[in-house]
Amino acid sequence: LFITSEAVTLDCCNGPVLQMLHEKNEFIFSLLYCAFRTFLSFPWFSYTTYDLLVGKGRQNIPLVLRFIFAVMIWAVYVGSIPWIKDSWEVVKRNIGMEVQEL
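Conventions and cut-offs
Residues numbered from 1 in each chain as written. Predicted model: local features only at pLDDT ≥ 70, side-chain atom pairs only at ≥ 80, totals over all residues. Heavy atoms only, no water. Helix = DSSP H or I, 4+ residues; strand = E, 2+ residues; numbered from the N terminus. Buried < 20%, exposed > 50% of the residue type's maximum accessible area, 1.4 Å probe, protein only. Areas by Shrake-Rupley, 256 points an atom, 1.4 Å probe, with all protein chains shown as cover. Salt bridge = Lys/Arg side-chain N within 4 Å of Asp/Glu carboxyl O. Phe/Tyr/Trp six-rings, centres within 6.5 Å; stacked < 30°, edge-to-face > 60°. Axes fitted to C-alpha atoms, helices over the stretch in contact; angles between N-to-C directions. Parallel < 35°, antiparallel > 145°, perpendicular 65-115°, else oblique. Contact = heavy atoms within 4.5 Å. Nonpolar A, V, L, I, M, F, W, Y, C, P; charged D, E, K, R; others polar. Expected span 1.5 Å × (residues − 1). Bend = angle between axes of the 7 residues up to and from the residue.

A few points about the overall build of the protein
For the protein, the helix and strand inventory stands at 4 helices and 0 strands. Moving toward the C terminus, one meets the helices and strands of the protein in the order α-α-α-α. Evaluated residue by residue, the protein yields a buried proportion of 24% over its 102 residues. Carbon together with sulfur atoms contributes 69% to the accessible area of the protein, which is approximately 7,700 Å² in total.

Points about the pattern of salt bridges
Taken as a whole, this structure holds 2 salt bridges when the rule is applied. In this structure, the salt-bridge partner of Glu-26 is Arg-93, at a minimum N-O distance of 2.9 Å. Placement of Glu-26 in helix H2 (residues 16-53) and of Arg-93 in helix H4 (residues 81-95) is noted, with a sequence separation of 67 residues between them. Note on Glu-26: relative accessible area 13%, which makes it buried. Notably, a salt bridge pairs Lys-92 with Glu-89, separated by 3.2 Å at the nearest N-O pair. Here Lys-92 and its partner Glu-89 are both found in helix H4, 3 residues apart, which amounts to about one turn of the helix. Residue class for Lys-92 comes out buried when judged on its relative accessible area of 9%.

A few points about the packing of aromatic side chains
Counted by the stated rule, this structure contains 7 aromatic pairs. Their ring planes at 50 degrees and their centres at 5.9 Å tell us that Phe-42 and Tyr-77 sit as a pair that is tilted. Of this pair, Phe-42 sits in helix H2 while Tyr-77 sits in helix H3 (residues 63-79), and the two are 35 residues apart along the sequence. Classification of Tyr-77 as buried rests on a relative accessible area of 18%.

Topic: the packing of H2 against H3
For the pair H2 and H3, the least separation of the axes is 10 Å and the interaxial angle reads 170 degrees. The orientation of H2 relative to H3 falls into the category roughly antiparallel. Note on element contacts: H3 touches H2 through Arg-66, Phe-67, Phe-69, Ala-70, Ile-73, Trp-74, Val-76 and Tyr-77, opposite Arg-37, Thr-38, Ser-41, Phe-42, Phe-45, Ser-46, Thr-48, Thr-49, Leu-52 and Leu-53. Residues belonging to the contact of H2 with H3 are distributed by class as follows: 11 nonpolar, 5 polar and 2 charged.

Section: H2
Taking 1.5 Å of rise per residue, 38 residues should cover 56 Å, and H2 covers 52 Å from first to last C-alpha, within 8% of that figure. Bending of H2 peaks at approximately 45 degrees at the position of Ser-41, with proline Pro-43 no more than four residues after it. Those residues of H2 that sit buried are His-22, Glu-26, Ser-30, Tyr-33, Cys-34, Ser-41, Phe-45, Thr-49 and Leu-52.

Below you can see the structure in the form of structure tokens.
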């Protein structure tokens with residue numbers, strides 16, 4: 001997930017400070033990524049799609065381009081699912097949560 005994970009494998013960059021920073025950075029990023037992608041992006045993408053296809057956002061954009069934009073928006077959302085799962089695993093590992101797999 002992170003550039004720092006590659007850095008800690010190098011002898012020149014590996015040290016207790018970098019390892020601690022890597023763990024903290026990984027946890028904060030994963031927590032924020034899960035929160036934004038899980039809770040904020042779905043309503044935002046839904047509103048944007050609605051606005052492109054039905055709302056006022058459609059006034060100056062051709063229909064084909066609006067449809068392409070909507071498809072790309074949802075492709076980003078679907079494509080982020082594996083990253084959400086990886087990030088959630090990092091969050092669980094760092095807070096010691098025992099969550100049963102679905």
